[in-house]
Amino acid sequence: MSDGVLDEAYERLHRTGPEFEGWLSNHGPMAVEALVRHGHQQRVHRWLDDYLGRLDELPRGLRPIDDWRSALGDPKRAGDWLTYFDSQLREHPWRAVLGTWWPRLLPGIAAGATHGVIRVGHAVRALDSADENPLRLAELGQALGYWAARWQPIPGTDQLLAGEPERPGTGDIDVAAALAGVSRIDDQTGGIRDRLGRLPGVPRWEPALAALRPARSPAEAQRGLTTLVHRAGLDYLRFGHTNPVMLVHAVTAPTAVLRTLPALDRALWAPSLTAAWAATAAMTSVYAPADGIAPPTVAPATPAEVFARAARHGDEHVVKLADAILDAYAASGDDRLLTAPGYAGQLI
């Protein structure tokens, strides 16, 4: 990875807030990390020149975070949360901060349409090769602060994350069957907060959510997450036409969780799968139709060509989907996945 270009990009982006135009997520840090990761650092500053004009200034704080529970999920405290995590990461090792806050933030994985956890996943991957880099640490702090400010639970996940008794089952978790059984909300209109708010009114939602039993070991959790990303990528080909932007997050949210696992205590891996599953299931329920279409025909390409096309396209969602899909392809070798970023590029 070209450390200099990414750090320069972070320095430019850290003058801006985590949201703009109300509550649209600032995708800049995620997109530039993916571009640099895949060898397209020469595009980063030109891309930022276009993107930065859309962004808002860094939010100002109101007062220090003292009672974190009462401030969790309060977007008016975004500036306070950014200051808090900046201080925490100056005073403590970043893995310790992440280990403390991951289980606190995980129940609110829907934060910012899942962009809180996605941004954390990119930040952790960037830090992996530069533990003490101050700009990478600052990016992790902004990512965690954004997640905390927009913390939002997915209805029905509280019992799962609290540790329900193990549901019966043998062998590996059947992610494909569980995802295929996800029910849909009847009224798929409005923004994500409105749609998620309708989930408790769907009689079939909680049984569908509970269809994925808890992982019995860290290794099983890792395999479950890998399969979840794989299946969500294939589902994008069937459902993406209905909401090509929002359904990207059904893939990128569990990818972010999977990337973060190596930095976490292994005891956190099983609940991480549960939360990621809830995020993908929720995005599927509120945005995907009940019946998909036949996967589209997209010109075949190598993994490098897939990302190069996404980089030329330039849309942040296409770039991030390509980045996630290449991880899934590396794990599975499933050539079908490589068509998803090109399809997203046609739709967006």
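Below, the structure is looked at part by part. Source: prediction; values computed, not measured. (Residues numbered from 1 in each chain as written. Predicted model: local features only at pLDDT ≥ 70, side-chain atom pairs only at ≥ 80, totals over all residues. Heavy atoms only, no water.)

Each helix and strand in the protein chain was counted, giving 18 helices and two strands. Radius of gyration (C-alpha) of the protein chain: 19 Å, near the 20 Å computed for a compact globule of 348 residues. Considered along the principal axes of its C-alpha atoms, the protein chain spans approximately 50 × 45 × 40 Å. Out of the 348 residues belonging to the protein chain, those deemed buried represent 57%. Total accessible area computed for the protein chain in this model is approximately 14100 Å², and 51% of it derives from carbon and sulfur atoms. Each charge sign in the protein chain was given a centre, from 35 positive and 41 negative side chains, and these centres are 2 Å apart. (Helix = DSSP H or I, 4+ residues; strand = E, 2+ residues; numbered from the N terminus. Rg over C-alpha atoms; globule rule 2.2 N^0.38 Å. Buried < 20%, exposed > 50% of the residue type's maximum accessible area, 1.4 Å probe, protein only. Areas by Shrake-Rupley, 256 points an atom, 1.4 Å probe, with all protein chains shown as cover. Lys, Arg positive; Asp, Glu negative; His and termini not counted. Charge placed at Lys NZ, Arg CZ, Asp CG, Glu CD.)

What follows concerns the side chain of T339. Mapped onto the elements, T339 comes out in the loop between helix 17 (316–332) and helix 18 (340–347). On the basis of relative accessible area, T339 is assigned to the buried category, the value being 17%. Once residues lying within four places of it in the same chain are set aside, the contact partners of T339 are L237 and V298. (Contact = heavy atoms within 4.5 Å.)

Let's shift gears to the layout of surface pockets. Its volume calculated, the largest pocket comes out at about 250 Å³. Among the secondary structure elements, those contributing two or more residues to the lining of the largest pocket are strand 2 (24–25) and helix 17. (1 Å grid on protein atoms, 1.4 Å probe; cavity = no way out; pocket = protein on both sides within 12 Å on 5 of 7 lines; lining within 4 Å. Points joined across faces, edges and corners; volume = space filled by probe spheres on them.)

To continue, consider the nonpolar core. In terms of nonpolar packing, the biggest core is built from 121 residues, with W81 and W102 touching the most fellow members. Per element, the largest residue contribution to this core is 13 residues, and it comes from helix 15 (residues 269–287). The contact partners of W102, leaving out residues within four places of it in the chain, are V117, V120, W147, V257, T260, L264, L268 and S272. (Core = buried A, V, L, I, M, F, W, Y, C linked by side-chain atoms within 4.5 Å.)

For the rest of this paragraph, the subject is the packing of aromatic side chains. Evaluated as defined, the whole model comprises eleven aromatic pairs. The interplanar angle of 85° and the centroid separation of 5.8 Å between the aromatic rings of W81 and Y84 together place this pair among those described as edge-to-face. One end of the pair, W81, and the other, Y84, are both in helix 5 (residues 78–91), three residues apart, so they sit about a helical turn from each other. In this pair, the class of W81 matches that of Y84, namely buried. Aromatic pair W102 and W147: ring centres 5.4 Å apart, planes at 90°, arrangement edge-to-face. In this pair, W102 sits in helix 6 (residues 94–105) while W147 sits in helix 8 (residues 134–149), placing the two residues 45 residues apart along the sequence. On the accessibility criterion, W102 (0% relative accessible area) is buried. Through successive ring pairs, a cluster of aromatic residues spans W68, W81, Y84, F85 and W101. A cation over an aromatic ring shows up here: R184 above the ring of F239, its NZ or CZ 5.2 Å from the ring centre. (Phe/Tyr/Trp six-rings, centres within 6.5 Å; stacked < 30°, edge-to-face > 60°. Lys NZ or Arg CZ within 6 Å of the ring centre and 35° of its normal.)

Attention now moves to the packing of helix 5 against helix 8. Orientation of helix 5 relative to helix 8, taken along the N-to-C sense of each, is 140°, at an axis distance of 8 Å. Considering the angle they form, helix 5 stands oblique to helix 8. Between helix 5 and helix 8 lies a crossing whose hand is right-handed. Taking contact as the criterion, the partners of A78, W81, L82, F85 and L89 in helix 5 are, on helix 8, L137, L140, G141, Q142, L144, G145, Y146, A148 and A149. Of the residues belonging to the contact of helix 5 with helix 8, the class tally is eleven nonpolar, three polar and no charged. (Axes fitted to C-alpha atoms, helices over the stretch in contact; angles between N-to-C directions. Parallel < 35°, antiparallel > 145°, perpendicular 65-115°, else oblique. Left-handed = near helix turned anticlockwise from the far one by under 90°. Nonpolar A, V, L, I, M, F, W, Y, C, P; charged D, E, K, R; others polar.)

For helix 1 (residues 3–13), the full list of buried residues reads V5, L6, D7, A9, Y10 and L13. Elements in contact with the buried residues of helix 1: helix 2 (28–37), helix 3 (44–51), helix 7 (115–127) and helix 8.

Time to look at the side chain of N133. Tracing the chain through its elements places N133 in the loop between helix 7 and helix 8. A distance of 2.9 Å separates a polar atom in the side chain of N133 from a polar atom in the side chain of D7. The contacts of N133, once residues within four sequence positions are left out, are D7 and L127. (Polar contact = N/O pair within 3.5 Å; in protein donor to acceptor, adjacent residues only side chain to side chain.)

To continue, consider the pattern of salt bridges. Applying the stated criterion to the full structure yields 19 salt bridges. Here R150 makes a salt bridge to E19, at a shortest N to O gap of 2.8 Å. Here R150 is found in the loop between helix 8 and helix 9 (158–163), whereas its partner E19 is found in strand 1 (residues 19–20), with 131 residues between them in sequence. Per residue, the accessibility class of R150 equals that of E19, and both read buried. Between D187 and R198 there is a salt bridge, with the nearest N and O atoms lying 3.7 Å from each other. One end of the pair, D187, is in the loop between helix 10 (175–180) and helix 11 (192–197); the other, R198, is in the loop between helix 11 and helix 12 (205–209), with eleven residues separating them in the sequence. On the accessibility criterion, R198 (26% relative accessible area) is partly exposed. A cluster of three or more residues bridged by salt bridges with shared partners is formed by E33, R37, R125, R259, D323 and D327. (Salt bridge = Lys/Arg side-chain N within 4 Å of Asp/Glu carboxyl O.)

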